[in-house]
Amino acid sequence: MTDEEIIVSFALTRLDNANSDLDLEDVAALVVRRLGPDQILDLATRTLAARNELRGAMFESAVEHVLRTVLTARGPVD
């Protein structure tokens, strides 16, 4: 999954849940839940590589990667 696909998936998931009080991490978790095991593993691997770690929880690491991607795309807070 490319960064662009992550951003689009995140935006669509956020729109689908616009009436709920989900925070960014909750939306990222919903994005990850919709993925297959291979995609989750890929995202988790990218997070662990960015942190320079060898081990970590797969689901949580995948959610972290989605959040990092979205926050990086948003840019600095004004």
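Residues numbered from 1 in each chain as written. Predicted model: local features only at pLDDT ≥ 70, side-chain atom pairs only at ≥ 80, totals over all residues. Heavy atoms only, no water.

## Examining the overall build of the protein
Regarding its fold elements, the protein presents 4 helices and 0 strands. Traced from its N-terminal end to its C-terminal end, the protein shows the element sequence α-α-α-α. C-alpha extents for the protein along the principal axes are approximately 40 × 30 × 20 Å. Each of the 78 residues in the protein was classed as buried or not, and the buried ones make up 29%. Partitioning the intrachain contacts of the protein with sequence separation of at least 6 by distance along the chain shows that 43% fall at a separation of at least 24. About 5300 Å² of surface is accessible on the protein, with carbon and sulfur atoms providing 54% of the total. (Helix = DSSP H or I, 4+ residues; strand = E, 2+ residues; numbered from the N terminus. Buried < 20%, exposed > 50% of the residue type's maximum accessible area, 1.4 Å probe, protein only. Contact = heavy atoms within 4.5 Å. Areas by Shrake-Rupley, 256 points an atom, 1.4 Å probe, with all protein chains shown as cover.)

## A word on the packing of helix 1 (residues 3–16) against helix 2 (residues 24–33)
Contact geometry for helix 1 and helix 2: axes closest at 9 Å, N-to-C directions at 110°. On the basis of their axis angle, the class for helix 1 and helix 2 is roughly perpendicular. Note that helix 1 runs across helix 2; the crossing there is right-handed. In this structure, helix 1 uses Ser9, Phe10, Thr13 and Arg14 to contact helix 2, whose residues at the interface are Leu24, Val27, Ala28, Leu30 and Val31. Partitioning the contact of helix 1 with helix 2 into residue classes produces 6 nonpolar, 2 polar and 1 charged. (Axes fitted to C-alpha atoms, helices over the stretch in contact; angles between N-to-C directions. Parallel < 35°, antiparallel > 145°, perpendicular 65-115°, else oblique. Left-handed = near helix turned anticlockwise from the far one by under 90°. Nonpolar A, V, L, I, M, F, W, Y, C, P; charged D, E, K, R; others polar.)

## Description of the nonpolar core
In terms of nonpolar packing, the biggest core is built from 15 residues, with Phe10, Ala28, Val32, Leu43, Val63 and Val66 touching the most fellow members. Listed by contribution, the elements that provide at least two residues to this core are helix 1, helix 2, helix 3 (37–51) and helix 4 (58–74). The residues touching Val32, leaving out its near neighbours within four places in the chain, are Ile40, Phe59, Ala62, Val63 and Val66. (Core = buried A, V, L, I, M, F, W, Y, C linked by side-chain atoms within 4.5 Å.)

## Describing helix 2
Among the residues making up helix 2, those that are buried are Val27, Ala28, Ala29, Val31 and Val32. Capping of helix 2 at its N-terminal end is provided by Asp23; its side-chain oxygen lies 3.2 Å from the backbone amide nitrogen of Glu25. (Polar contact = N/O pair within 3.5 Å; in protein donor to acceptor, adjacent residues only side chain to side chain.)

## So, the side chain of His65
Following the sequence through the fold, His65 ends up in helix 4. Apart from residues lying up to four places away in sequence, His65 is in contact with Asp3, Ile6, Leu43, Arg46 and Thr47.

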